[in-house]
Structure formats: C-alpha cells, structure tokens
Amino acid sequence: MDFTFSEEQQAAAEAARGVFAGVAPDGVPSPSLTRGAVADDFDRALWARLAEADLLSLLLGEEFGGAGLDAIALCLVLRESAKVLARVPLLESSAAAAAVQAYGSEELREELLARVGRGEVVLTVAAHGRTGHDPAERAVTARQEGGVWVLDGVQTAVAWAHNADFVLVPAHTGADRSVLALIPRVHDGVVVAEQVSTTGERLGELRLESARIAGRNVIDADGAWEWLRELLTTGTCALALGLGENVLRMTGEYTGKREQFGFPVATFQAVAVQAADRYIDLRAMEATLWQAAWRIASGAPGALPASGDVAVAKIWAAEGVRRVVQTAQHLHGGFGADVEYPLHRYHAWAKHLELALGPAAAHEEALGDLLAAHLLG
C-alpha cells in the first residue's frame, strides 16, 4: 500500500499543526472539575483561526472559496486536532458541508457553503438515533406536504447542538427512503434538551414535533446519508488516532523520566512490551484509517463496498484507542489520575470516541453482514 500524501494534503496537515500549536491540552476544561457541562460554547477563538487558515473549507470547491481537497486531507487535519483536544465542531461542520455540496440543491449550496467555509455558519449532524444503538435515520420520520417536509422524532447525543446554526438530520420516509433535512437550531417544532458527554461537553437531545422544513433544505438523493455516515465514522477514526498518538508520546516521556530502583521505568521489560503493543495498535489504526479514507475519497471499487473498510477502521479505532489510554493510565500510576495533568482528559475523550457512531461490536456485526452478502474469492 502506498499511503504517500499529496503536497496539498501535507500542506493542510502543516497548516493544522500551526493552528493547533497554540492549544494547551491541560487548559481544556476538565469533566472531573466541573459539575455538568464544562462550557456553554465551543472554542470560538480557535474556530476563527481555523477559518483564517482556510481549514474550514478544505472539502469545498473553489467556487465556494474552498481548497477542493478530499477525505484524506480532512482526516489529516482532524488527527492534529485530537492531539490537543481541540474543542471545535470541525468534523461535524466539514462533513455536513461536504454532504450539502455533493447532494444538495444548487440553491442550498449557493446560500450556505461559502459562509460555512468562512466560519460564519456552523453545521452539525444528528448521527446517533434515538438511543445511540438504533440507526439514526430510523429515529425521525419525514413526510411531504406540498413543498414542505414535516419531521417528527428524536435524535440523541447531537454534538454541538446548542451552538451550531443548523443540524443535518437523517430521517426516513413512508417509502422507506432516507433523506437529510437541514434544520435551523431555532425553529418552530424544534426543541434541544441538554445532555453531557464523558468529555464534559454539551450534547443535545433534538426533539422534532411536526417541524416544517422547506423543500430546498431537504436532501433526498439516494446514498446521501450513507455517504455522510461513512465520512463521519472515518473522521472519528482520525480523531481516535491523533488522540492515541499523543497519549503514547506522553507515556513515553513520562516513563523515560520516572525512575524506580535507580533506572527509568521505560527500561523495564514489562513496561517496554506494553508500550510496544500499543504502538502496534496505533499503526493498525493508521493503516485501516487511510484505507477507509482513500476508498471514500477515490470511490475506487474493492472486494467489499467502502463501508467494509470503514467498519474495519472503526473496529481498530474503538478497540485501539481504549487500549492505548488504559495502558497509559497504568504506566503513569497514580499520576495519570492527577487532575493537574492532562491524561485524565484524554481518557474521557477516548471513551467518547470509542462509542461514537457505534462501538467495535456494532461494526463487527456490520462487517459480518457485508461478508455474508459479498462472497470473497
């Protein structure tokens, strides 16, 4: 496999490193120190810097002020954001904008995308369904009444729901087709109740009660939701990889300095073997991530649909990031739980990413279904 990145993709990653260099993980609000949500809003100052660096418009075409890059470039930037626990809706807004660009009406694209790329409008996606275990598109019903769509249902754990301007909501019609409705956060028939993630960030339970949405704000193209879900899942894998890489780096630095019996604990075989196992996890996470991102970006055919590669990437990301942070906590000893040290924040974020858009077991089931439907060899 050749995972060499293009000059444009490398430039996006370099720009991201420059923007995120000023973010201190130990300054990220801690869920251990705050009752309820750690903050009312995401990091608007960082969001503005991302806009200035043209990192909010990576996937948008030049006609919308974007760079016209692909899922690989987005994942490179997301990887850097997770290393510093960046509190911004970069994945959700970028993925939603990409879906609008790929499947939305010309009117909707012209009205929305340039503003999203400049950071003036923030998008998010309701991707967890009613309970977090059922398909998201089954949680909301959509029916047409003339030129208007009427939506009813509940979506749980919507990231940044209290702060985004629009939520892209999957729903199903009476004909059992999936649609995507772009719903304003403040709108008749829309109620957002507060939930809190393991990271301490505010989530929203989105309740739709006969919410009437203009037809131009509803995407009914075949495959739109499936494509968006795969992009979101792959982006989540990129976040898990970046977080895990920084946690292993922190662990290496700590065990290299911490001494027992006159020697750094990193020189002990039991410590070195555990760290080596986690390094292998990260390399597997990386290889499966780029395979999934490449399938989405290129549309190249394979033995299985792209959703198979996405499932494999998510299985490794969910299991791998959990093992990495658990080993890090163990090798840090009591220091790993010190609220003055950032590792406990990474642990909380890792748990959220492990379960986001389905734990490993859910994707193992999906992969099994694909293998049963597509006989190999």
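All of these numbers come straight from a predicted model, not from anything done at the bench. (Residues numbered from 1 in each chain as written. Predicted model: local features only at pLDDT ≥ 70, side-chain atom pairs only at ≥ 80, totals over all residues. Heavy atoms only, no water.)

### What to know about the overall build of the protein chain
For the protein chain, the helix and strand inventory stands at ten helices and ten strands. Expected size for 377 residues packed as a compact globule is a radius of gyration near 21 Å; at 21 Å, the protein chain falls within 12% of this value. The dimensions of the protein chain, computed from C-alpha atoms along their principal axes, are 80 × 55 × 40 Å. Of all 377 residues assigned to the protein chain, the portion counted as buried reaches 54%. Residue pairs in contact within the protein chain that sit at least 24 positions apart in sequence constitute 74% of those at least 6 positions apart. Summed over all atoms, the accessible surface of the protein chain reaches about 16,100 Å², with 52% contributed by carbon and sulfur. Computed over 31 positive and 49 negative side-chain charges, the separation of the two mean positions in the protein chain equals 5 Å. (Helix = DSSP H or I, 4+ residues; strand = E, 2+ residues; numbered from the N terminus. Rg over C-alpha atoms; globule rule 2.2 N^0.38 Å. Buried < 20%, exposed > 50% of the residue type's maximum accessible area, 1.4 Å probe, protein only. Contact = heavy atoms within 4.5 Å. Areas by Shrake-Rupley, 256 points an atom, 1.4 Å probe, with all protein chains shown as cover. Lys, Arg positive; Asp, Glu negative; His and termini not counted. Charge placed at Lys NZ, Arg CZ, Asp CG, Glu CD.)

### Remarks on a negative patch on the surface
A cluster of like negative charges, contributed by Glu-62, Glu-63, Glu-106 and Glu-110, occupies part of the molecular surface. Position of Glu-63 relative to the elements: it lies in the loop between helix 2 (44-52) and helix 3 (71-83). (Patch = residues over 30% accessible without salt bridge, like charges linked within 9 Å, V, L, I, M, F, W, Y side chains within 5 Å. Salt bridge = Lys/Arg side-chain N within 4 Å of Asp/Glu carboxyl O.)

### Brief notes about the nonpolar core
Nonpolar side chains in soluble globular proteins generally cluster together in the buried interior. Counting 95 residues, the largest nonpolar core has Phe-20, Leu-50, Leu-123, Leu-228 and Leu-243 as its most contacted members. Sorting elements by how many residues they give to this core places helix 6 (residues 224-257) first, with 14 residues. Discounting residues that sit within four places of it in the chain, Leu-50 has contacts with Val-19, Phe-20, Leu-55, Leu-56 and Val-88. (Core = buried A, V, L, I, M, F, W, Y, C linked by side-chain atoms within 4.5 Å.)

### Focus: unusual backbone geometry
One non-glycine residue, Ala-157, lies in positive phi territory at about 50°. Along the chain, Ala-157 falls in strand 3 (residues 148-159). The backbone phi angle of Ser-210 is positive, close to 55°, even though this residue is not glycine. Summarising the element assignment, Ser-210 is placed in strand 7 (residues 202-214). On the basis of relative accessible area, Ser-210 is assigned to the partly exposed category, the value being 42%.

### With respect to the packing of helix 8 (residues 306-332) against helix 9 (residues 343-355)
As a packed pair, helix 8 and helix 9 sit with axes 9 Å apart at the nearest point and diverge in direction by 160°. Between helix 8 and helix 9, the crossing angle belongs to the class labelled roughly antiparallel. Here helix 8 and helix 9 pass one another in a crossing that is left-handed. Residue-level contacts link Lys-314, Ala-318, Val-321, Arg-322, Val-325, Ala-328, Gln-329 and His-332 of helix 8 to Leu-343, His-344, Tyr-346, His-347, Ala-350, Lys-351, Leu-353 and Glu-354 of helix 9. (Axes fitted to C-alpha atoms, helices over the stretch in contact; angles between N-to-C directions. Parallel < 35°, antiparallel > 145°, perpendicular 65-115°, else oblique. Left-handed = near helix turned anticlockwise from the far one by under 90°.)

### Describing helix 3
Between its first and last C-alpha atoms helix 3 spans 19 Å; for 13 residues at 1.5 Å apiece the expected length is 18 Å, and the two agree. Judged by how many residues are buried, helix 3 sits mostly within the fold: twelve of 13 residues are covered. Ala-71, Ile-72, Ala-73, Leu-74, Cys-75, Leu-76, Val-77, Leu-78, Arg-79, Glu-80, Ser-81 and Ala-82 are the residues of helix 3 that are buried. Residues of helix 3 that are buried sit in contact with helix 1 (7-20), helix 4 (90-103), helix 6, helix 7 (269-298) and helix 9. The opening residue of helix 3 is Asp-70, an N-cap whose side-chain oxygen sits 3.2 Å from the backbone nitrogen of Ile-72. Following helix 3 by one or two positions, Leu-85 has its phi on the positive side, about 55°. (Expected span 1.5 Å × (residues − 1). Polar contact = N/O pair within 3.5 Å; in protein donor to acceptor, adjacent residues only side chain to side chain.)

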